[in-house]
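What follows is the residue order along each chain.
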Amino acid sequence: MAASALSSPAVSRTPNPKSAAAPPPSPSTRRAVADAASAAAAAAAADSKARFEAYNRLQAAAVAFGEKLPIPEIVAIGGQSDGKSSLLEALLGFRFNVREVEMGTRRPLVLQMVHDPTALEPRCRFQEEDSEEYGSPMVVASAIADLIKQRTESHLRKIQAAVSSKPIVMRAEYAHCPNLTIIDTPGFVLKAKRGEPESTPEEILSMVKSLATPPHRLVLFLQQSSVEWCSSIWLDTLKEIDPAFRRTMIVISKFDNRLKEFTERWEVDNFLSASGYLGDNIHPFFVALPKDRGTISNEEFRRQICQVDIDVLRHLRDNVKGGFSEEKYGSHIGFSCLRKYLESELQKRYKEAAPATLALLEQRCSEVSMELARLDSKLQATSDVSQLRKSAMLHAASICTHLRALLDGAADPAPELWGKTTEEEQLHSGIGSWPGINMSVKPANSTLKLYGGAAFERVMHEFRCATYSMECPQVSREKVANILLAHAGRGGSSGLTEAAAEIARAAARSWLAPLIDTACDRLAFVLQSLFDLAMERNRNKDSQYQNAEDMDGYVGFLAALRCSYYKFVRDLSKQCKQIVRHHLDSVTSPYSHICYENDSITGFGSVANSMNRFNHFTGVTSFDLSDSGSALEEAQENMPPKDQQHVTPPAKGNEAKDILRESQLTVPETPSPDLPSDIHGGKKKDNGIPNDGGPRKRHARMAAYTNRNHHNNSIIGADDIGSKSGSSYSTICAISAKYFAKMREVLIERNVPSALNSGFLTPCRERLYLALGFDLFAVNDDKFMDMFVAPGAVDTIQNERQSLIKRQKILLSCLNEFKNISRAL
């Protein structure tokens, strides 16, 4: 400035007339200006504090009620032992041994720091768990640390976990702390402690990312100065959270440990700039804090913090050759600079977010008021029986509408989430595999997740597969002998065929009845599973009853509706079992002509006709849409191959071709060994008595009947009865197997499908609402009201209402505060 004055003497010698004429300000004027400046500063500080207090209260309400509000907050993240706990104590202005309880390693801690000039000693209060209320003030440092530890351990035991994202909220009022809200998070670790789950590091990483990712939160990232930028482990994690570092403040902690390594100015400037790692506009803060962990007063602690800042700057100026670029980096070195920046940055964000926060609060208050009105309407309806009946009827009608839609074919809700595969149906129903079937039954589309009408048809097809997969029932020789001889003893001429028919009837009744019962149970499970899907569709208002009242709060009524529907389906299953059993009894009756129809036993190969007809069944379920294959033959996994022409049920390999072999049959030979070995030629027995008695005449009658029968030579001739041992047994087994196949074919292809469809689906479409109406609404008012005034129903609504009233009160209070703030802005 001196050089400038000498070079311009004219200017220096010629005074400005206006400046010369202006009198100097009087002392009173100077005092007035100073008072005005002080008043403006005080007003700005008051506004800043008002905003901070309003956001603190809003944050407390958000934590208590689980609200997702975009409140500007600072989230402190970093590796374990990077100095987060020490930094928080320095910001608070007092120590409370937070490092001894590992505050940030288990649960997040929300620190609400309130600058209160009247609080000469720190006052700390903790927000109650699951409440917006705060407890009594705590002034003893050890008690604060103990409470943090106790709450952390208690909560983790309750949820059976090593870490938790549920925060602890602590409000600290102190004359020496700034107006800040910081969320301390668990420190990143590479390996779990002994006794902890191996997944703990991943859980901590996921939790911290979820806390720091929201765009309304500032990120305070700490890293020790001893870590080189190129070796920073967690810098990549920070880039995932905030790639451009637009809301990130980087703090290099324990800076005093690095000072002794600097000797030249370029070394210091190169480290302070983090060149090539953070970008040109990102300037980290470099902080060192007292290392003395002894018992000292709060005042001494703050004095040591200031002294460390002084020592760091002195070292850089005096012990480094050329010093450092103080104009560029001086404002980022020292704890005091960081504290001032954090407070100003958070207040700036508060001011920017105030309009959006005000609008969001008004929206939340409106939503809570509407919810309160709905609950009040529900409570009022508990005393209005007619209104309750109307609402309940509309709800039941809506559920029935959705059930019919699901049976007729629907893809909402998503089958991928709500449907079940065949294996899942068997597992969840508890029914398991089909009785008497040793092989795995896999119908078409078994791997697809289906529900409703599609799942019903798949079970029907699975039932067909199961019945046709059944091995031919084995009959002992004793049973055959008892039945055959009894028929022969009646003097009839059709003993052989009648015995085979009776064996087939007994096998059909014994083996098909359990399969029919299992099919009914599986179909009932498919129908019962639709209730939850109908409820889900109804919540989305996808029905013609758009004005139906929401009944979610009436637990008793919803339980009664579910029970009534389940009872309706169980009754249908019981009726269907009776109907299908009646068909089974008719088919297996001695008076049934099924066994004697022309196409029933036209040869041993005729047994496969029913199988071939099944294999060429062209129903919808025969077309496999799953990934396993679409060809009909591949879908019919349990069907016999095309070249199998001589068995009744499906068999493996070439067993079908050899079903008439003696070695595969276990039924005893008939007639009895007491009969002559040849009853055709009139040979004498060993004792010389000619065989011209009863047996011969009985055979004559049987032969005559056989010659008159329409399937005479195609089954057995007269000479076959007198053949060598085992031929009669083999013949009876073959005939009974064909009779069994014919009965099964009639049941599965004619009677059972129509009976099950009309027995299950038709009532669900036509009589469901009527049946539910009789159960739920055809009762007197007292019994009807039991579903709504039962213990727990009204109490649940009352509790929900009280919680909403409390939330509304807090939100309205915050709304009024933010309105005042917006007017001040």
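About the cut-offs
- Residues numbered from 1 in each chain as written.
- Predicted model: local features only at pLDDT ≥ 70, side-chain atom pairs only at ≥ 80, totals over all residues.
- Heavy atoms only, no water.
- Helix = DSSP H or I, 4+ residues; strand = E, 2+ residues; numbered from the N terminus.
- Buried < 20%, exposed > 50% of the residue type's maximum accessible area, 1.4 Å probe, protein only.
- Areas by Shrake-Rupley, 256 points an atom, 1.4 Å probe, with all protein chains shown as cover.
- Pairing = 2+ DSSP bridges.
- Contact = heavy atoms within 4.5 Å.
- 1 Å grid on protein atoms, 1.4 Å probe; cavity = no way out; pocket = protein on both sides within 12 Å on 5 of 7 lines; lining within 4 Å.
- Points joined across faces, edges and corners; volume = space filled by probe spheres on them.
- Nonpolar A, V, L, I, M, F, W, Y, C, P; charged D, E, K, R; others polar.
- Core = buried A, V, L, I, M, F, W, Y, C linked by side-chain atoms within 4.5 Å.
- Axes fitted to C-alpha atoms, helices over the stretch in contact; angles between N-to-C directions.
- Parallel < 35°, antiparallel > 145°, perpendicular 65-115°, else oblique.
- Left-handed = near helix turned anticlockwise from the far one by under 90°.
- Expected span 1.5 Å × (residues − 1).
- Phe/Tyr/Trp six-rings, centres within 6.5 Å; stacked < 30°, edge-to-face > 60°.
- Lys NZ or Arg CZ within 6 Å of the ring centre and 35° of its normal.
- pLDDT = per-residue confidence, 0-100.
- Salt bridge = Lys/Arg side-chain N within 4 Å of Asp/Glu carboxyl O.

Caption draft 1: Examining the overall build of the chain more closely. A count of helices and strands for the chain gives 30 helices and eight strands. Counting only residues that meet the buried cut, the chain has 48% of its 825 residues in that class. Total accessible area on the chain stands at roughly 40,200 Å², and carbon and sulfur atoms take up 53% of it.

Caption draft 2: Just the sheet that holds strand β8 (residues 285-286), in detail. Pairing in this open sheet of eight strands is mixed, and the strands run β3-β4-β2-β5-β1-β6-β7-β8 from one edge to the other. The sheet is open, and its two borders are formed by β3 (123-126) and β8, each paired with just one other strand. Taken together, the six bridges between strand β6 (residues 217-224) and strand β7 (residues 248-253) define a ladder with parallel strand orientation. Its bridge partner lying in β7, Gln223 is registered against Ile252.

Caption draft 3: A look at the environment of Leu572. Mapped onto the fold, Leu572 is located in helix α21 (residues 555-587). The spatial distance from the C-alpha of Leu572 to the C-alpha of Gly759 is 6.6 Å, given a sequence separation of 187 residues. Contact partners of Leu572, with chain neighbours within four places excluded, come to Gly759, Phe760, Pro763, Cys764 and Arg767.

Caption draft 4: Summary view of empty space enclosed by the protein. If you walk through the whole model with that rule in mind, you get five cavities of 30 Å³ or more. Size it by volume and the second largest cavity reaches roughly 80 Å³. In terms of lining, the second largest cavity is formed by 13 residues, of which the most central are Lys420, Leu450, Tyr451, Val526 and Ser529. Sorting the residues of the lining of the second largest cavity by element identifies α17 (452-468), α19 (495-528) and α20 (530-539) as the ones contributing at least two each. Of the residues in the lining of the second largest cavity, the class split is eight nonpolar, three polar and two charged.

Caption draft 5: Layout of the nonpolar core. Of all hydrophobic cores here, the largest spans 101 residues; its most connected members are Leu527, Phe557, Tyr565, Leu756, Phe760, Phe784 and Phe788. Counting residues per element, this core draws most heavily on α19, which supplies 18 residues. Counting residues in hydrophobic clusters, the runner-up holds 40 residues, among them Trp229, Leu259, Val312 and Phe324.

Caption draft 6: Spotlight on the packing of α20 against α21. It is at 11 Å that the axes of α20 and α21 come closest, and there the two elements cross at 135°. The orientation of α20 relative to α21 falls into the category oblique. In this structure, α20 crosses over α21, and the sense of that crossing is right-handed. Residues Leu530, Phe531, Asp532 and Met535 of α20 form the contact with α21, whose participating residues are Leu558, Leu561, Arg562, Tyr565 and Tyr566. Counted by class, the contact of α20 with α21 contains seven nonpolar, no polar and two charged residues.

Caption draft 7: Main features of helix α6 (residues 141-159). The end-to-end C-alpha separation of α6 is 28 Å, in line with the 27 Å expected for 19 residues at 1.5 Å each. Next to the buried residues of α6 lie β2 (109-115), β3 and β4 (168-174). Where α6 ends, the next residue or the one after it, Gln160, has phi of about 55°, a positive value.

Caption draft 8: Representation of the packing of helix α14 (residues 385-408) against helix α28 (residues 768-776) in the model. Contact geometry of α14 with α28 gives a least axis separation of 10 Å together with a crossing angle of 150°. Judged by the inter-axis angle, α14 sits roughly antiparallel to α28. The interaxial crossing formed by α14 with α28 has right-handed handedness. Residues Met393, Ala396, Ala397, Cys400 and Leu403 of α14 form the contact with α28, whose own contacting residues are Leu768, Tyr769 and Leu772.

Caption draft 9: Spotlight on the environment of Ala499. As for its placement among the helices and strands, Ala499 is situated in helix α19. Judged by its relative accessible area of 0%, Ala499 falls in the buried class. Along the sequence, Ala499 and Lys479 sit 20 residues apart, while their C-alpha atoms lie 9.9 Å from each other.

Caption draft 10: Region of interest: the packing of aromatic side chains. Taken as a whole, this structure holds 14 aromatic pairs when the rule is applied. Ring geometry for Phe188 against Trp234: centres 4.8 Å apart, planes inclined by 35°, an arrangement best described as tilted. One end of the pair, Phe188, is in the loop between β5 (180-184) and α7 (200-212); the other, Trp234, is in the loop between β6 and α8 (235-241), with 46 residues separating them in the sequence. Across this residue pair, the class does not change: Phe188 and Trp234 are buried. Ring plane angle 45° and centroid distance 6.5 Å describe the contact between Phe255 and Phe262, whose orientation is recorded as tilted. Since its relative accessible area comes to 0%, Phe255 is described here as buried. The buried category is assigned to Phe262, whose relative accessible area is 6%. These aromatic residues form a ring-pair network of at least three members: Phe255, Phe262, Phe271 and Phe286. Stacked on the ring of Phe784, the Lys or Arg Arg389 has its end atom at 4.5 Å from the ring centre.

Caption draft 11: Summary view of the confidence of the model for the chain. Scored by pLDDT, the chain has a mean of 74; 70% of the residues are at 70 or more. Predicted confidence for residues 598-725 stays below pLDDT 50, and this span has 223 contacts to residues more than four positions away or in other chains.

Caption draft 12: Summary view of the pairing of β2. Counting buried positions over the seven residues of β2 gives six, a clear majority of the element. Two strands pair when backbone bridges link them, and β2 and β5 are joined in this way by five bridges, in the antiparallel orientation. Looking across to β5, one finds that Leu111 is bridged to Ile182.

Caption draft 13: Just the pairing of β5, in detail. Of all five residues making up β5, five are buried, and the element is well covered by its neighbours. Of the two faces of β5, the one holding Leu180, Ile182 and Asp184 and the one holding Thr181 and Ile183 are both buried throughout. Where strand β1 (residues 73-78) meets β5, three bridges bridge the pair, whose relative direction is parallel. From the neighbouring strand, Ala76 faces β5, where its bridge partner is Asp184.

Caption draft 14: Seen up close, the pattern of salt bridges. The full count for this structure, using the stated rule, is 35 salt bridges. The closest approach of N and O atoms between Arg106 and Glu196, which form a salt bridge, is 2.2 Å. With Arg106 in the loop between α5 (84-92) and β2 and Glu196 in the loop between β5 and α7, this pair connects stretches of sequence that are 90 residues apart. Of the charged contacts, one joins Arg581 and Asp517 as a salt bridge, the two residues approaching to 2.8 Å between their closest N and O atoms. Placement of the pair is Arg581 in helix α21 and Asp517 in helix α19, with a sequence separation of 64 residues. For Arg581, a relative accessible area of 33% corresponds to the partly exposed category. Via salt bridges that share partners, Asp116, Arg123, Arg125, Arg171 and Glu173 belong to a single interconnected network.

Caption draft 15: Quick peek at the side chain of Ser446. Structurally, the position occupied by Ser446 is in the loop between α16 (422-429) and α17. Setting aside anything within four residues of it in sequence, one finds Ser446 in contact with Thr421, Thr422 and Arg458.

Caption draft 16: The arrangement of unusual backbone geometry in detail. The peptide bond linking Asp412 to Pro413 adopts the cis configuration, its omega dihedral lying at 10°. Within the chain, Ser81 stands out as a residue other than glycine whose phi angle is a positive 70°. Mapping Ser81 onto the fold places it in the loop between β1 and α5. For Ser81, a relative accessible area of 52% gives the class exposed.

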